[in-house]
Amino acid sequence: MFINKGKADSLAARPKGIDKLAFKRIAVVGAGTMGAGIAFACAKAGIEVVLIDRDQSSADKGKAYTQKRLQRDLDKGRTTAEKIDKILTRIQPTDGYDGLGDVQLVIESVFEDRAVKEDVIGKICAALPAGVLIGSNTSALPITSLAAYSDRPDRFIGLHFFSPAERMPLVEIIRGDQTSDASWAHALDFVAALRKTPITVNDGLGFFTSRFIGSFVTASLDMLNEGVNPALIENGARMVGMPMGALTISDSIGLDVSYHAGISQAKERGVEPTLGEIGKLYEAGRHGMKKGKGFFDWGEGGDKKLWPGLKDLLPRRDTQPHVDEVKARILYAQLAEGARAFDEGVLVDVIDGDLGATLGVGFPAYLGGPFAAMDTL
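Residues numbered from 1 in each chain as written. Predicted model: local features only at pLDDT ≥ 70, side-chain atom pairs only at ≥ 80, totals over all residues. Heavy atoms only, no water.

With that settled, the discussion passes to the pairing of strand β7 (residues 170-175). Counting buried positions along β7 gives 6 out of 6 residues, so the element sits mostly inside the fold. Burial along β7 is two-sided: Leu-170, Glu-172 and Ile-174 facing one way and Val-171, Ile-173 and Arg-175 facing the other are all buried. When strand β6 (residues 156-161) meets β7, the two strands line up antiparallel, connected through 4 bridges. Within the sheet, the bridge partner assigned to Phe-161 lies in β7 and is Val-171. Sheet topology note: the β7/strand β8 (residues 197-202) ladder contains 6 bridges and is parallel. The residue bridging Ile-174 from the neighbouring strand is Val-201, located in β8. Crossover handedness for the path β7 to helix α7 (residues 181-193) to β8: right-handed. (Buried < 20%, exposed > 50% of the residue type's maximum accessible area, 1.4 Å probe, protein only. Helix = DSSP H or I, 4+ residues; strand = E, 2+ residues; numbered from the N terminus. Pairing = 2+ DSSP bridges. Right-handed = clockwise from strand over helix to strand, strands pointing away.)

A few words on the environment of Glu-118. Structurally, Glu-118 can be placed in helix α5 (residues 114-127). Sequence-wise, Glu-118 and Lys-16 are 102 residues apart; in three dimensions their C-alpha atoms are separated by 33 Å.

To continue, consider empty space enclosed by the protein. In this structure the tally under the stated criterion is 2 cavities of 30 Å³ or more. As for the largest cavity, its lining consists of Thr-144, Ala-147, Pro-153, Phe-156, Gly-176, Asp-177, Gln-178 and Thr-179. Looking at the lining of the largest cavity, its residues break down into 3 nonpolar, 4 polar and 1 charged. By volume, the second largest cavity is sized at about 30 Å³. The wall of the second largest cavity is formed by Leu-224, Val-228, Pro-230, Leu-310, Lys-311, Leu-314, Pro-315 and Arg-316. A breakdown of the residues in the lining of the second largest cavity according to their chemical character gives 6 nonpolar, no polar and 2 charged. (1 Å grid on protein atoms, 1.4 Å probe; cavity = no way out; pocket = protein on both sides within 12 Å on 5 of 7 lines; lining within 4 Å. Points joined across faces, edges and corners; volume = space filled by probe spheres on them. Nonpolar A, V, L, I, M, F, W, Y, C, P; charged D, E, K, R; others polar.)

A separate point is the packing of aromatic side chains. All chains considered together, the criterion is met by 6 aromatic pairs. Considering the side-chain rings of Phe-208 and Phe-212, the 5.3 Å spacing of their centres and the 35° angle between planes classify their relative orientation as tilted. As far as the burial class goes, Phe-208 and Phe-212 line up, both buried. Measuring from ring centre to ring centre gives 6.2 Å for Phe-342 and Phe-371, while their planes differ by 65°; the resulting arrangement is edge-to-face. Taken together, the positions of Phe-342 in helix α14 (residues 323-343) and Phe-371 in helix α16 (residues 370-376) put the pair 29 residues apart, joining distant regions of the chain. (Phe/Tyr/Trp six-rings, centres within 6.5 Å; stacked < 30°, edge-to-face > 60°.)

The subject of this paragraph is the packing of helix α9 (residues 230-240) against α14. Following both chains from N to C, one finds α9 and α14 inclined at 65°, their axes separated by 9 Å at the closest point. Relative to α14, the element α9 lies roughly perpendicular. At the point where α9 passes α14, the crossing takes the right-handed sense. Across the interface between the two elements, Leu-232, Ile-233, Gly-236, Ala-237, Met-239 and Val-240 of α9 pack against Val-323, Val-326, Lys-327, Ile-330 and Leu-331 of α14. (Axes fitted to C-alpha atoms, helices over the stretch in contact; angles between N-to-C directions. Parallel < 35°, antiparallel > 145°, perpendicular 65-115°, else oblique. Left-handed = near helix turned anticlockwise from the far one by under 90°. Contact = heavy atoms within 4.5 Å.)

For the rest of this paragraph, the subject is helix α11 (residues 255-269). Compared with the 21 Å implied by 1.5 Å per residue over 15 residues, the 21 Å span of α11 between its first and last C-alpha is a close match. Where α11 is concerned, the buried positions are Leu-255, Asp-256, Tyr-259, Ser-264 and Ala-266. Looking at the buried side of α11, the elements it contacts are α10 (246-253) and α12 (276-283). Taken from the residues just after α11, Gly-270 is the one with a positive phi, measuring 75°. (Expected span 1.5 Å × (residues − 1).)

Geometric values such as these leave the question of function open.
Here is the structure:
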């Protein structure tokens with residue numbers, strides 16, 4: 001992994017014969033948590049950012065995210081007020097698209113809804129000079145279909161960041177059917193400018209990382225639905241080496257977010273949504289950590305206890321499986337999904353799969369990634 005990360009960071013896969021693009025000014029559309037985090041990462045790397053949202057108040061709130069995070073560093077003596085001022089002056093919040101005339105890239109990072117993205121992409125294209133690269137921070141919607149809403153499908157690419165965007169070291173680059181080599185090369189240049197590690201995958205619903213982490217969550221929820229003790233499922237995940245269990249992840253993301261994402265993905269596949277345990281908790285008004293209640297009851301400082309009402313909402317087996325079975329189901333579900341993504345051509349290189357799984361979604365680093373783990377087995 002050490003060797004392969006070095007290759008990725010040095011852009012060893014970058015196509016030859018394409019001039020490098022130095023990024024001085026970009027735009028981010030959508031000043032929510034992800035968009036604000038991307039703007040912060042860019043400003044910290046010395047890149048000016050036009051941060052756009054539907055109204056000035058929302059855009060200002062996005063900039064305030066950077067100020068709040070930097071204040072923590074100042075309080076701990078990790079930075080200076082002068083450095084903070086320099087970073088903040090690089091972020092220009094606005095509610096209009098008229099500042100796109102001199103940007104080298106626009107990243108849309110709006111709500112994961114196809115209609116919303118279509119509207120925003122249309123507004124970007126109307127204000128953006130021809131030939132300027134557009135990136136989408138979608139975590140699941142196929143890039144080729146989003147590119148169809150633009151006037152430049154060859155200059156449209158996926159740039160999937162991970163939360164929190166200013167801290168997570170990985171960016172998943174997704175090539176659509178019409179994405180040019182120049183667009184791919186420039187996307188790699190941008191990720192390198194942020195001093196993050198890029199992986200490149202081909203298009204498909206969920207790309208690689210989203211479907212990979214989805215396999216972990218699904219395997220865990222399947223066991224929950226079979227009556228396996230939720231504490232056993234969470235502890236089994238930690239014993240495998242996952243940074244947190246699937247129920248904690250679900251609460252952290254927000255059960256309302258997962259609920260609506262499940263409906264959206266079912267529409268993409270043309271099937272009826274099956275929302276299972278997430279749906280039951282959502283309908284019970286338990287929306288996750290931000291509301292203080294989901295699979296867990298959340299206290300101050302992130303303290304949590306499993307919600308006692310789970311036992312009434314879900315089945316419970318009389319005889320519980322051994323923890324080794326729980327660990328195996330969590331691990332092998334992920335290995336199988338990695339193999340499936342490679343077989344389908346979403347992953348071009350298993351190195352990207354190993355880096356994407358470990359750096360992006362918390363697959364145990366001691367195993368070297370899912371493909372290294374399969375080789376070991």
